[in-house]
Amino acid sequence: MDDLTALSELAPELAQMLVSVAGDLVVVLDTNGIVQRVTLGGAEPVSSASRDWVGKTWLDTVTSETRCKLEDILRDVNVNGVSRLRQVNHISPSGSDIPIGYTAVRLGASGTVLAVGRDMRAVAAAQQRFVETQQAMERDYWRRSQAQTRYRLLYEIATEAILLVDAATFRVVEANRAASSLFAISVEEFIGKRATSRLDIASQALVEEMFATTCATGRSQERIAQLAESRGNVRISATLYRSDGESLLLTRARPQPATQEGLTTAVRLANLVQQTPDAVAIADTGGALLFANAAMLRLLQLESEQQIKGRLLGDWLTNGGLQPIVARLRKEIVVPLV
């Protein structure tokens, strides 16, 4: 590096040139590492921090944690004439550290050292945001992992039969052991099959209609259905929820004890009423609606059975309303076509 010794006298001019093309500041050091000059590119925080550097040892301008990096720079430049890039933190009057990346070059064997610095605050901020984002992702991952573990444990030990059903296809996504026992099929076999496949034919249509209503309205629904092969009756409910962008039906099933004779017949009758194309409604003696099948809901232009609760059938009738019909019913039991 002896051929650069003549440039030592031009250190201030070189510093100005370098700061304009290569960095945000250039620190000129003597052979003892004392700051002789600081040439700035206009960064205000760096300008404020560097006002009292001249005359000080360069090592004293940085934090104790990064002092060793400046020592590495000075060692490199004394041995090789040039150093590789290292980032240090300068002490700021405001109390916040200023990260600067330096590369240094020595002008001759015993000449002046020019340390070209680049303001690394934007990089440091990006690195900090990356670290914070990564930590947030890791925290979210562990929270989700723990939640999934708790969910899986509760799901498996639940005594009630539970199915997760794809809202688009009505096929089973997950099933617990209680569902396997109730529907007499292994969990592995049940997954991928239609959730109604273990019901009798009439109940399949009834429950799938319930699934469709739940998806359309977002309201929970419940039906009584009969298991296939006359293995008894079950009460099935469905609730719509979304998980990771998927729409699923949380379906619960529990045995419905046949405590009275004719319950199976009642279930079949309910199935028949639900499937008939004729509009059927059941009201109390005051005309308040208690039940309406799918055809009646379509006729009344309603989306769910919940919308008829507490409403009077007469609200949808003209030509005298419901009272003349009720009066005839009390006398004649059956009223012909009105």
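None of these values were measured; they are calculated from a predicted model.

1. Some thoughts on the packing of aromatic side chains
Argument step 1. Inspection of every chain in the model, using the stated rule, returns 3 aromatic pairs.
Argument step 2. Taking 5.0 Å as the distance between ring centres and 80° as the angle between the ring planes, the aromatic pair formed by Trp58 and Tyr102 counts as edge-to-face. Highlighted residues: Trp58 in the loop between α2 (44-49) and α3 (67-80) and Tyr102 in strand β4 (residues 98-106), separated in sequence by 44 residues.
Argument step 3. For Trp58, a relative accessible area of 0% gives the class buried.
Argument step 4. Measuring from centroid to centroid gives 5.3 Å for Phe170 and Phe211, while their planes differ by 55°, and the two rings are tilted. Note that Phe170 is positioned in the loop between β6 (161-166) and β7 (172-175) and Phe211 in helix α7 (residues 201-217), a separation of 41 residues in sequence. For the pair shown, Phe170 and Phe211 are each scored as buried.

2. Section: the confidence of the model for the chain
Argument step 1. Summarising the model, the chain shows a mean pLDDT of 78, and 76% of its residues fall at 70 or more.
Argument step 2. Model confidence for the chain, summarised as mean pLDDT per element, is weakest for helix α1 (residues 11-21) at 53 and strongest for helix α6 (residues 187-190) at 92.

3. Digging into the sheet that holds strand β1 (residues 25-29)
Argument step 1. The 5 strands are arranged β2-β1-β5-β4-β3 in an open sheet whose pairing can be described as antiparallel. Two strands in the sheet have a free side with no partner beyond their single neighbour: β2 (35-40) and β3 (86-90). Ignoring which end each strand starts from, the neighbouring axes of this sheet average 30° apart.
Argument step 2. Across 5 bridges, β1 lies against strand β5 (residues 113-119) in antiparallel orientation.

4. Observations regarding α7
Argument step 1. Between its first and last C-alpha atoms α7 spans 25 Å; for 17 residues at 1.5 Å apiece the expected length is 24 Å, and the two agree.
Argument step 2. Those residues of α7 lying buried are Ser203, Leu206, Val207, Met210, Phe211, Thr213, Thr214 and Thr217. End-on view of α7: buried residues confined to an arc of 165°, all on one side of the axis. Those residues of α7 that are exposed and aimed more than 90 degrees away from the buried face are Ile201 and Ala216.
Argument step 3. Taken from the residues just after α7, Gly218 is the one with a positive phi, measuring 75°.

Thresholds, definitions, all that
Residues numbered from 1 in each chain as written. Predicted model: local features only at pLDDT ≥ 70, side-chain atom pairs only at ≥ 80, totals over all residues. Heavy atoms only, no water. Phe/Tyr/Trp six-rings, centres within 6.5 Å; stacked < 30°, edge-to-face > 60°. Helix = DSSP H or I, 4+ residues; strand = E, 2+ residues; numbered from the N terminus. Buried < 20%, exposed > 50% of the residue type's maximum accessible area, 1.4 Å probe, protein only. pLDDT = per-residue confidence, 0-100. Pairing = 2+ DSSP bridges. Axes fitted to C-alpha atoms, helices over the stretch in contact; angles between N-to-C directions. Expected span 1.5 Å × (residues − 1). Arc of directions from axis to C-beta.

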